[in-house]
Structure formats: C-alpha cells, structure tokens
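# Observations on the model geometry
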Amino acid sequence: MRVTQAFLPAMRERGSGCIITTTSIGGLVTFPFNSVYHATKWGLEGWSESLAFELAAFGIKVKTVAPGGIRTDFATRSLVLTQHPAYTAGITKTMKTFMDPKRREKGSSAEQIADVVYEAATDNKDQVTYVAGLDAKDTYAQRLAVGAETFRRAIRDMFLG
C-alpha cells in the first residue's frame, strides 16, 4: 500500500500506469489451516478491485496475478508451521494432501507465472484478476462452477476426510 501510495502522484500526473500485485489462488479459494494466509490474499484481492474503481478515472489500471502452486522448494525450505496438539491430526491430513507428489506435479514454473504477469502488464484490458497456472485455473473454475459452499465442503472432504 505504501509503495502504491508513493507512485500514485506520478501516475495521476502522467494519466496512466499499471499497478500489479501478486496475490494467490489463496485469495480466491481457501484450504484448511491457512487462515492468516488467506486473509492477507483475500484482502489484497479486495483492495485491488476497489482501488481499480478509484484509479480508473486517472488512466491507472490495477491488476492482480493469482498463481497456484509453483514448482519450488518453498515447502521444504521456507514453510513455517505453528503447532498445537489439538490440531495435529487435521494438520497431518492436510499436509499429506498438500505434499502429494501427484498434486505437486501440477504446479507451474516461475517462467509460466512471469508470462501471466507480462500479459497483465501489457494487454491493456479492463481486467483486475489474472489466475495463473493450470492448477489455479482448474481450482477456481471448479469453485465458480459448483458455488462457494459446495466447493468448501469438497475441500474439507479432500483435505480432512
């Protein structure tokens, strides 16, 4: 928000600009034991969509790129899990599903996500959200097709049994 605020005077003066924020499929759907992560990503999606209304009159576009899984070593290198005995069984089930090699094979390369960022930056479309990666596109399409509550129950069943 502070970076956007710092750039807005120059963009308004120029009468153009494009602000792109990387969010996540986690800003459009949810999974168990990721509540704080989802809160931040949904917040960025909402902030960006609302800001797009406010800045359109100045020729400034606001866009988000919402990738799904990316083939990196993040889960083994950087993921920090908080532990509480009351949630051990659920977290164990959830992590087993997240770490399933078949599920992880569907992740995108960083280059594939960069292509979507480039598209968002250069296509001049009146579009805020760009879902990036086949896994993210499939997941989001499923949520839209079946509705939020049916999707939520399916996610619960998939991750928690």
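In the block above lies the structure referred to throughout.
Definitions and cut-offs
Residues numbered from 1 in each chain as written. Predicted model: local features only at pLDDT ≥ 70, side-chain atom pairs only at ≥ 80, totals over all residues. Heavy atoms only, no water. Phe/Tyr/Trp six-rings, centres within 6.5 Å; stacked < 30°, edge-to-face > 60°. Helix = DSSP H or I, 4+ residues; strand = E, 2+ residues; numbered from the N terminus. Buried < 20%, exposed > 50% of the residue type's maximum accessible area, 1.4 Å probe, protein only. Expected span 1.5 Å × (residues − 1). Bend = angle between axes of the 7 residues up to and from the residue. Contact = heavy atoms within 4.5 Å. Pairing = 2+ DSSP bridges. Axes fitted to C-alpha atoms, helices over the stretch in contact; angles between N-to-C directions. Core = buried A, V, L, I, M, F, W, Y, C linked by side-chain atoms within 4.5 Å. Polar contact = N/O pair within 3.5 Å; in protein donor to acceptor, adjacent residues only side chain to side chain.

## Notes on the packing of aromatic side chains
Following the criterion strictly, the structure yields four aromatic pairs and no others. Measuring from ring centre to ring centre gives 5.7 Å for Phe31 and Phe98, while their planes differ by 75 degrees; the resulting arrangement is edge-to-face. Pair noted here: Phe31 is in the loop between strand 1 (17-22) and helix 2 (35-56) and Phe98 is in helix 4 (residues 88-98), with a separation of 67 residues, a long-range link. Pair check on accessibility: Phe31 and Phe98 agree, each one buried. Residues Phe31 and Phe159 carry aromatic rings whose centres are separated by 5.4 Å and whose planes lie at 55 degrees to one another, so their mutual orientation is tilted. Taken together, the residues Phe31 in the loop between strand 1 and helix 2 and Phe159 in helix 8 (residues 148-160) connect sequence positions 128 residues apart. On the accessibility criterion, Phe31 (13% relative accessible area) is buried. For Phe159, a relative accessible area of 2% gives the class buried. Through a chain of ring-to-ring contacts, three or more aromatic side chains come together here, namely Phe31, Phe98 and Phe159.

## Quick look at helix 1 (residues 2-14)
With 13 residues, helix 1 extends 19 Å between its outermost C-alpha atoms, agreeing within 8% with the 18 Å of an ideal straight helix rising 1.5 Å per residue. The axis of helix 1 is deflected most strongly, by about 40 degrees, at Leu8, and proline Pro9 appears within four residues downstream. Every buried residue belonging to helix 1 is among Thr4, Leu8 and Met11, and all of these are buried. Those residues of helix 1 that are buried are in contact with strand 1, helix 2 and strand 2 (60-67). Directly beyond the C-terminal end of helix 1, a positive phi value near 80 degrees is found at Gly15.

## Concerning the sheet that holds strand 1
Whether parallel or antiparallel, the strands of a sheet pair through hydrogen bonds between backbone atoms. Here we have three strands laid out as an open sheet, ordered 1-2-3, and parallel in their pairing. In the strand order of this sheet, the two ends are held by strand 1 and strand 3 (129-132), each with one partner. The sheet shows a mean angle of 20 degrees between the axes of neighbouring strands, direction not considered. As paired strands, strand 1 and strand 2 are joined by six bridges and run parallel to one another. Each residue of the ladder has a partner; that of Ile20, found in strand 2, is Lys63. Along the sheet, helix 6 (residues 110-122) contacts strand 1, strand 2 and strand 3; its crossing angle with strand 2, the most-contacted strand, is approximately 165 degrees.

## A look at the nonpolar core
Taken as a class, soluble globular proteins show a tendency for nonpolar side chains to be buried jointly. Formed by 13 residues in total, the largest nonpolar core has its most connected members in Ile25 and Phe31. Ignoring anything within four residues of it in the chain, the contact list for Ile25 reads Ala66, Pro67, Gly68, Val131, Ala136, Thr139 and Tyr140. In this structure, Ile19, Ile60, Val62 and Val128 belong to the second largest nonpolar core, which totals nine residues.

## Remarks on the side chain of Thr23
As for its position among the elements, Thr23 is in the loop between strand 1 and helix 2. Of note is the side chain of Thr23, whose polar atom sits 2.5 Å from the side chain of Glu45. Setting aside residues no more than four positions away along its own chain, Thr23 makes contact with Lys41, Leu44, Glu45, Thr64, Val65, Ala66 and Pro67.

All quantities given are derived from atomic positions and should not be read as evidence of function.
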